[in-house]
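Here are the chains, one letter per residue:
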Amino acid sequence: MTTAAIEAPAAAAGWPRSIVRRTLAAALALGVFVVDAFTPLQSAVAVLYVLVILIAAKVSRTDLLVTAAASAALTALAYAYMHGHENFGSATLRLIVSLSAIGIGTVLSQQNLKSTETLREQAQLLNLSHDMIFVRDAGGVIQFWNRGAETGYGWPAEQALGQVADDLLSTEYPVSRAEIERQLFRTSRWEGVLHQRTSSGAAIAVESRWVLERSGSGQPIRVLETHRDVSEREASHRALAQSERRYRRMFNASRIGLLQEDWSALRAELDRLTRDGEIDLPSYIEAHPDFLDRAKALVKITDINPAFLEITRWDSPKSVGSSLDNVLGEMDQTFAGSLIAFYRGDRFYEGETQIRGADGRRTPVIFGLTFPTVEEGLDGEVLAFVLDVTDRNEAQNALLAAQAELARAARVATLGELTASITHEVNQPLASIVTNGEAALRWLRRPQPDLVEVSTALARAIEEGKRASAIVRRIRSFLAKGSMRRDVLEGAELVQDAILLVERELSKMGVAIDLQLDPTAPKVIGDRVQLQQVIVNLAVNAGQAMADVGGGRLLVRALRNGSEHLAVTVADNGPGIDPANLERLFDPFFTTKEEGMGMGLAICRSTVEAHGGSLSVDSRLGDGARFTFTIPAA
């Protein structure tokens, strides 16, 4: 019967193992002593004290030494009792053999105890690790299972020991197990990521390191496996990879041109400039014109999507190169603004420029730049969005041309309404020319020609001719066809010339004109014809609104509005505008006239807005209407 079989019932009864082992050792030692001292056996029975020593060694080092000393004393006592009167002989030899066995057993047990304590300390260190560590033999059977493994996998050591590791953990290898074993036997170590399952069935990814222990002859004995749960890291890596794939798909599939640029070198240069304190970058750029070229050279293009290649007609990103100059060229005026926005810490900058294509042609584009913050860890990565606006510009130009043509048609229609007034304006100076010419002839045909009167009559004829020419010139200018001009115009003169075109027609309607021109009215930049059309349309509309009102009065005023605008007001004392129509008054094709087109006021507003101004109306029923437009001063 083994000592383990003897210890088991006592341990089951709740006795401490140390007491059970000490009791067993004492009983065995007593039995050996009785046999050795009181029986006539002629063999070295005292050698059995080695068993007592082995049992005591399992308790503690102190128990081992005490038991060894007691065993040696009992052996000597039994020898003295049985053979004390004999001379040196076989009994004495058996005593020496027994004491030698006890000594050797003690020494070996002490060494074994020391080795056991060392292993226990090493196992304790492994238990302190948060990693999941176990030891298995060459067949995969688990021999050691640390606390980290208990926590990580969920199986206590009692359940894990003796199990085949691969079966217990349902291990999935990145390559075949045979290939891993070959590498392990060849190099005595292996590293990789495994997928395993815990006691709850949860799947985890572990970073695994294997170390192989060999025997003196080089044969594999056991393998130490260290595992670290990297499930969260793997999930983060998968999410990052998925995000990168999504970004790459969006980057390549976008119909908007995209450029990924590296501004980190430019950031370093700006940091160098501001090392001694903040600088006024716009002033610095103005004082150092070459800085923009150096800054632009520091920006590198790192990626280009297919849509940008299509816009610029390049074959590949490699043909574009990494320099921003290859794209922007020397004519670009927007880089300074983007550089200042980057230095200021703005998150976004947008503008409109032209980029150079593979064939040298320049393409108009709208662009936007996104500037990541330092906190995002992407301080140098700038993403540029580029949208080709060639079609938009062509459509806009076509729209402006159509609008100009429509405005000219409206002017023709307006002059059609003023035909009688224009005819009268032209006939007046023509009649005066004829009258003065006839008078000059009469003075010449007298017996004594009066040259002074002739000269006076001819001078009056010339003045009337100039007047007629001016009227025709104003009408021709009003009907002129062409693109919008940008001329410097006197505000007061602009208004006065426009009113001259409608003065006669308004007079026929019984409308008195009150023209108030501020001599300090500012100059403006714009198209004389288009602005005069606005004033004429507003004046004619006001006259028609007052046609049925006796004593109609039209107020036309041009004055300085603050220091930055010219304000022109056309006000009447007609019936006013229905409040229900005020919001729709400037809508195209909206009209309250039976034969109206509904385009006059819409053209007026678009013309004023094209000059950077605004047109508004204020009206109350029974109290007339007041139209006011403002234009920035030159």
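Each remark here, short or long, concerns the structure printed above.
Keep in mind it's a predicted model, so treat the numbers as computed, not measured. (Residues numbered from 1 in each chain as written. Predicted model: local features only at pLDDT ≥ 70, side-chain atom pairs only at ≥ 80, totals over all residues. Heavy atoms only, no water.)

Before going further, it helps to spend a moment on the side chain of threonine 630. Here threonine 630 shows up in strand 17 (residues 625–632). With sequence-adjacent residues up to four places away left out, threonine 630 is seen in contact with Asn561, His565, Leu566, Ala567, Val608, Gly613 and Ser614. (Helix = DSSP H or I, 4+ residues; strand = E, 2+ residues; numbered from the N terminus. Contact = heavy atoms within 4.5 Å.)

The strand order 7-6-10-9-8 describes an open sheet built from five strands, whose pairing is antiparallel. Of all the strands in the sheet, the pair left with one neighbour each is strand 7 (300–304) and strand 8 (348–356). Neighbouring strand axes in the sheet, compared pairwise and without regard to direction, differ in orientation by 30° on average. Bridging between strand 6 (residues 257–262) and strand 7 involves four bridges; their strand directions are antiparallel. Residue pairing for strand 7: glutamine 260 is matched across the bridge by aspartate 303. (Pairing = 2+ DSSP bridges. Axes fitted to C-alpha atoms, helices over the stretch in contact; angles between N-to-C directions.)

Together, Leu30, Val34, Phe38 and Tyr81 make up an exposed nonpolar region whose accessible area comes to about 440 Å². With three residues, helix 2 (residues 17–38) is the single largest residue contributor to the nonpolar patch. Along the chain, the position of tyrosine 81 falls in helix 4 (residues 61–83). (Patch = residues over 30% accessible without salt bridge, like charges linked within 9 Å, V, L, I, M, F, W, Y side chains within 5 Å. Areas by Shrake-Rupley, 256 points an atom, 1.4 Å probe, with all protein chains shown as cover. Salt bridge = Lys/Arg side-chain N within 4 Å of Asp/Glu carboxyl O.)

Strand order across the open sheet formed by five strands is 12-14-15-17-16, with mixed pairing between neighbours. Pairing within the sheet leaves two strands with one partner each, and these edge strands are strand 12 (511–517) and strand 16 (614–619). Averaged over all pairs of adjacent strands, the angle between their axes in this sheet comes to 15°, without regard to strand direction. Sheet topology note: the strand 16/strand 17 ladder contains six bridges and is antiparallel. Bridge pairing links serine 614 to threonine 630 in strand 17. With respect to the sheet, helix 21 (residues 491–508) is in contact with strand 12, strand 14 (552–561) and strand 15 (565–572), its orientation differing from that of strand 12 by roughly 175°. Across the sheet, helix 22 (residues 528–545) lies against strand 12, strand 14, strand 15, strand 16 and strand 17, angled at about 175° from strand 17, the strand it touches most.

None of this, on its own, says anything about what the molecule does.
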